[in-house]
Amino acid sequence: MAVSPLVDGLPNPAARAVSSPLKNAAPAQASSNGTPVPAVAPNATAAVQSAALDLSEQMNEDEKRKYIKGKKLGEGTYANVYLGQVRNDPSQLVAIKKIKINKEYTEGMSPDAVREIKHLQELDHPNIIKLHTVFSSKDQNLNLVLEFLPLGDLEILIKDTANVHYGVADTKAWMGMLTRAVWFCHENFVLHRDIKPNNLLIAADGEVKLADFGLARSFSDPYRPMTSNVITRWYRPPELLFGARHYSAAVDVWSVGLVFAELVMRAPYLAGNTELEQIELICKGVGTPTEENWPGVTKLPEYTISNQITPVLGKDHYNALFGTVGNEGVDLLMKTLILDPRKRITARDMLKHPWWHKDPKPTRKKELPRKSGGEGEEKVGADLKRRPGVVDEDKTNKVARKLDFGGPL
Amino acid sequence: MATEDARYRQSSQYRLWSFTTGHLASLRNECNSLAQKAISARLQSASPNDALPEFLTPAEELSLVTHYTVELLPRRCLHRATDRDTRHRRHLLAPLLRHQQHYDLPPTELLKTCLFFGCKAEGHYMRLSKFADKFPNTTGEEVLAAEYVLSQGIRFAFDVRHPFRALEGAIMELRRLGDFENKRIDRAHGKAREILKFSPLVTDAYFHYTPSQIMLAALAMADEGLVERMLREAFAAQGDAAKEKCGDLVQACRAMLEKEPPEKMNDNEERKSIIKPLNRKLKKCRDPDRVDLVALQKARREQAMVKKPKVPVKEDGAVFGGSIADGRESKRRKTETEE
């Protein structure tokens, strides 16, 4: 793409000459930091107004021209999302996510946007949202041209118990797609760090795609700390709640486990209102982390548990709640929710688990249940514009978690 | 999943930043002539009677960029920098090398932006004001001014694959094989690291070779025998032809790195003597409108503000047909009340 020379015709010098004479010359406010005064008075306005673009501006313009921006699908504090079309083939739809300039953030380009672009540029997989291109608009907003996924997300399907009915075969199909996406991220040394049902978008053909890489990062080098303040609370693993600064891909696996549980229960399994409550719910719903089941856990910086210790819950507990997925399914779920991240199953081993081969077979994606009507489109707009790492909590609590960008991420 | 090679071919580094030598040269020529034409037109429109200045050749531009890269390297100590940052710097210099933008943009300014943005892309969030304080006469605004230009220049590909991790892997492998004394391996390890911190950054190695080829080339410069042993091990099952092909590539890459050995880092006198006349030339022929990045940035923002009302929403919207546009109004209202 960028390998092509891109410049059809050289910028027209005549056009430039017309628009850049000095008649509307701004005072030469150019800082003359020791440079000899040029023969021609610097005029930044002229450079902007002129038709001449340097090569990278030209490339940016070419990318922008490939798409037509259409109606707004959603508006948020972090980004607006528009429907777009490919100019040469208007039947092809895309979603254009325009990152807003955050006035409070004075450090230039938003780290969320940088992370999202950095990782999506490298990940090409059927179960990961495709980033077609990036361009910046005149007002220097970043625009991400993403695959358009019109059928909403897993959250809508889970919540709409009245209209959407699904069974184990469907759950297995969705879990399979999610697990492959997460495996692919990990195989490419990327931690997603915000897996949850409303980041799992659904394509027109029913394929589930992992989206929102605003909190993603590459695996850390040894000894280099990371922030523990990631992953939306309900899906956050105990090691992060205890403030671990060194962690692994196991954090994502925990979230995958909770999405699995939620698909079955049709409600979040561990929905804490605060971090303390979240820890409490994990102790009750999985087991209390102790030195016995997780050597070293008490040394984590924010390790706090109540006096009442629940032993790690056994298969009976899970069978009672999740028995519909069968013996193997329960086994897989339990392995994703192992407290000690070093013992937790990896995404790769999840794919090798016998559950996938047991009956019922996963539903073919075209036959998967879906939500009818235009709600999906609206939802996708809402999903893409959201700031990463925030619990929606039925929209009652709209205050975004503040991430500490001062520390290493 | 496919082999490591296939995976590398999916990376933006391969897709966007790998060239044959001929292609790279032609891109450089193109950028150079593009800038010459634009600047000539601008200068002539302002003062038609003056003779045009002499422009830099593509080769001269490259020497300038190399010089500024070297200048920047010792600053590493300022920025709790690691290997990762170093390579990033080079990566972010790629647009310079490729697009030859320093006709338009002052290189010293751009390099500060490279550093700042490189840290950000790698997940070190350094406070802008703290960062700017480390340089004389630099404000945060100046550092940020070129952030968009830079990102555009590298086509928003922020991930860099580097040879340092590969080197750690090779050293572990050599220790495992147990054919060499630890002392010898340690010595080669240290030397190869020194090479990787400098030579690939000031040559075109990143544009032509993969990170593992660059690593092997550096290791070969440090201790040829170790690389021979590694290749023998790696290609044991594939036969001599494959091994030779790889060996040839490593040697070619090595020849490139050897033109800029790390000892040259401190060879300031020689470099400066070449650079001085080039800088003088550059000052005469650069784009007068783009010297002040902060002003340029402001002008862009202001222009965007002015133009806002007549953004071609209608023109684009019409493509979707009127009916959708109508539906859009009602939907938008709906979401507004919901929120």
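Residues numbered from 1 in each chain as written. Chains lettered and ligands numbered in written order. Predicted model: local features only at pLDDT ≥ 70, side-chain atom pairs only at ≥ 80, totals over all residues.

A. Representation of the overall build of chain A within the structure. Of regular secondary structure, chain A possesses 13 helices and nine strands. A total of 409 residues make up chain A; the buried ones form 47% of that total. In chain A, the share of contacts with a sequence separation of at least 24, taken over all contacts with a separation of at least 6, comes to 67%. (Helix = DSSP H or I, 4+ residues; strand = E, 2+ residues; numbered from the N terminus. Buried ≥ 20, exposed ≤ 12 C-beta atoms within 10 Å, placed from the backbone. Contact = placed C-beta atoms within 7 Å.)

B. Local environment of the UniProt feature "domain: Cyclin C-terminal" (unreviewed entry) in chain B. With numbering matched to this structure, UniProt assigns "domain: Cyclin C-terminal" (unreviewed entry) to residues 162–258 of chain B. End C-alpha to end C-alpha, residues 162–258 of chain B measures 18 Å, and it is 79% helix and 0% strand. (UniProt positions renumbered as here; feature names shortened; annotations may be inferred.)

C. Representation of the sheet that holds strand β3 (residues 89–99) of chain A. Residue and element names in this part refer to chain A. Strand order in the open sheet formed by five strands is β1-β2-β3-β5-β4, and the pairing between neighbours is antiparallel. Single-partner strands in this sheet number two, and they are β1 (67–75) and β4 (131–136). Adjacent strand axes in the sheet meet at a mean angle of 30°, parallel and antiparallel pairs treated alike. Here β1 runs beside strand β2 (residues 79–86); their pairing, made up of six bridges, is antiparallel. (Pairing = 2+ DSSP bridges. Axes fitted to C-alpha atoms, helices over the stretch in contact; angles between N-to-C directions.)

D. Examining the UniProt feature "binding site: ATP" (unreviewed entry) in chain A more closely. All names here are of chain A. UniProt records the feature "binding site: ATP" (unreviewed entry) for Lys98 in the present numbering. When you line up the elements, Lys98 lands in strand β3. Setting aside anything within four residues of it in sequence, one finds Lys98 in contact with Ala79, Asn80, Tyr82, Asn141 and Asn143.

E. Expanded view of the packing of helix α13 (residues 211–222) of chain B against helix α15 (residues 240–258) of chain B. All names here are of chain B. In contact at an axis separation of 8 Å, α13 and α15 are set at 70° when each is read in the N-to-C sense. The angle between α13 and α15 places the two elements in the roughly perpendicular class. Crossing handedness for the pair α13 and α15: right-handed. Of α15, the residues touching α13 (which contributes Gln213, Ile214, Leu216, Ala217, Ala218, Ala220 and Met221) are Leu249, Val250, Cys253, Arg254, Leu257 and Glu258. Here the contact of α13 with α15 is composed, by residue class, of 10 nonpolar, one polar and two charged. (Parallel < 35°, antiparallel > 145°, perpendicular 65-115°, else oblique. Left-handed = near helix turned anticlockwise from the far one by under 90°. Nonpolar A, V, L, I, M, F, W, Y, C, P; charged D, E, K, R; others polar.)

F. Fine view of unusual backbone geometry. Of the consecutive residues A:Asp359 and A:Pro360, the connecting peptide bond is found in the cis state with omega at -5°. A positive phi angle is found at A:Ile231, which is not glycine, with a value near 75°. Of note, the phi angle at B:Phe156 is positive, near 55°, even though the residue is not glycine. Checked against the element boundaries, B:Phe156 lands in the loop between α9 (147–153) and α10 (164–177). A tally of 25 C-beta atoms within 10 Å means that B:Phe156 is categorised as buried.

G. Main features of the environment of B:Ala255. Residue and element names in this part refer to chain B. One can find Ala255 in helix α15. For Ala255, a count of 10 C-beta atoms within 10 Å translates into the label exposed. Residues Ala255 and Met221, spaced 34 residues apart in sequence, show a C-alpha to C-alpha distance of 9.2 Å.

H. View of the domain arrangement of chain A. Residues and elements named next belong to chain A. Looking at chain A, the domain boundaries give domain 1 (66–147) and domain 2 (154–391). Centre-to-centre, using C-alpha coordinates, domain 1 lies 26 Å away from domain 2. Between domain 1 and domain 2, the residue contacts involve 23 residues of the former and 28 residues of the latter. When residues of the side of domain 1 that touches domain 2 are traced back to their parent elements, those giving at least two are β1, β2, β3 and α4 (111–120). No other element matches the five residues that α4 contributes to the side of domain 1 that touches domain 2. (Domains from an automatic or database assignment.)

I. Seen up close, α13(B). Residue and element names in this part refer to chain B. Over its 12 residues, α13 runs 17 Å from end to end, which matches the ideal 16 Å to within 8%, given 1.5 Å per residue. Counting buried positions over the 12 residues of α13 gives 11, a clear majority of the element. Among the residues of α13, Pro211, Ser212, Ile214, Met215, Leu216, Ala217, Ala218, Leu219, Ala220, Met221 and Ala222 are the ones counted as buried. (Expected span 1.5 Å × (residues − 1).)

J. Here's a closer look at the nonpolar core. One finds A:Ala95 and A:Leu178 to be the most contacted residues of the largest nonpolar core, which totals 116 residues. It is helix α8 (residues 250–265) of chain A that contributes the most residues to this core, 11 residues altogether. Not counting chain neighbours up to four residues away, the residues in contact with A:Leu178 comprise A:Leu200, A:Val208, A:Leu210, A:Val256 and A:Val259. One finds B:Ile195, B:Phe198, B:Val227 and B:Leu257 within the second-largest nonpolar core, a separate group that totals 30 residues. (Core = buried A, V, L, I, M, F, W, Y, C linked by C-beta atoms within 7 Å.)

K. Local environment of the confidence of the model for chain A. Per-residue pLDDT for chain A averages 83, and the proportion of residues at 70 or more is 80%. Note that pLDDT drops below 50 for residues 1–39 of chain A; the model gives that stretch 60 contacts with residues more than four away or on any other chain. (pLDDT = per-residue confidence, 0-100.)

L. Structural view of the confidence of the model for chain B. Residue and element names in this part refer to chain B. Confidence in the prediction for chain B averages 74 pLDDT; 72% of positions are at 70 or higher. Of all the helices and strands in chain B, helix α19 (residues 322–338) carries the lowest mean pLDDT, 34, while α13 carries the highest, 96. A low-confidence stretch, residues 76–103 (pLDDT under 50), is modelled with 79 contacts involving residues beyond four sequence positions or located in other chains. Overall, residues 308–339 carries pLDDT values under 50, and its contacts beyond four positions in sequence, including any with other chains, amount to 17 contacts. As a predicted assembly, this complex carries a pTM of 0.79 together with an ipTM value of 0.74.

M. Structural detail: the packing of helix α10 (residues 315–322) of chain A against helix α11 (residues 326–336) of chain A. Residue and element names in this part refer to chain A. One way to put it is that α10 packs onto α11 with a least axis distance of 10 Å and a crossing angle of 115°. When you trace α10 past α11, the crossing you get is right-handed. The segment α10 lies against α11, with Lys315, Tyr318, Asn319 and Phe322 engaging Val330, Leu333 and Met334. In terms of residue class, the contact of α10 with α11 is built from five nonpolar, one polar and one charged.

N. Representation of the pairing of β4(A) in the model. Residues and elements named next belong to chain A. Taken across its six residues, β4 has six buried, putting it largely inside the fold. The pairing of β4 with strand β5 (residues 142–147) spans five bridges and is classified as antiparallel. Bridge pairing in β5 links Thr133 to Val145. Where β4 hands over to β5, the hairpin turn is made up of five residues, of which Gln140 adopts a positive phi near 65°.

O. Region of interest: α10(B). With 14 residues, α10(B) should reach 20 Å at 1.5 Å per residue; the first-to-last C-alpha distance of 20 Å fits that figure. Residue B:Gly178 follows α10(B) closely and has a positive phi angle near 70°.

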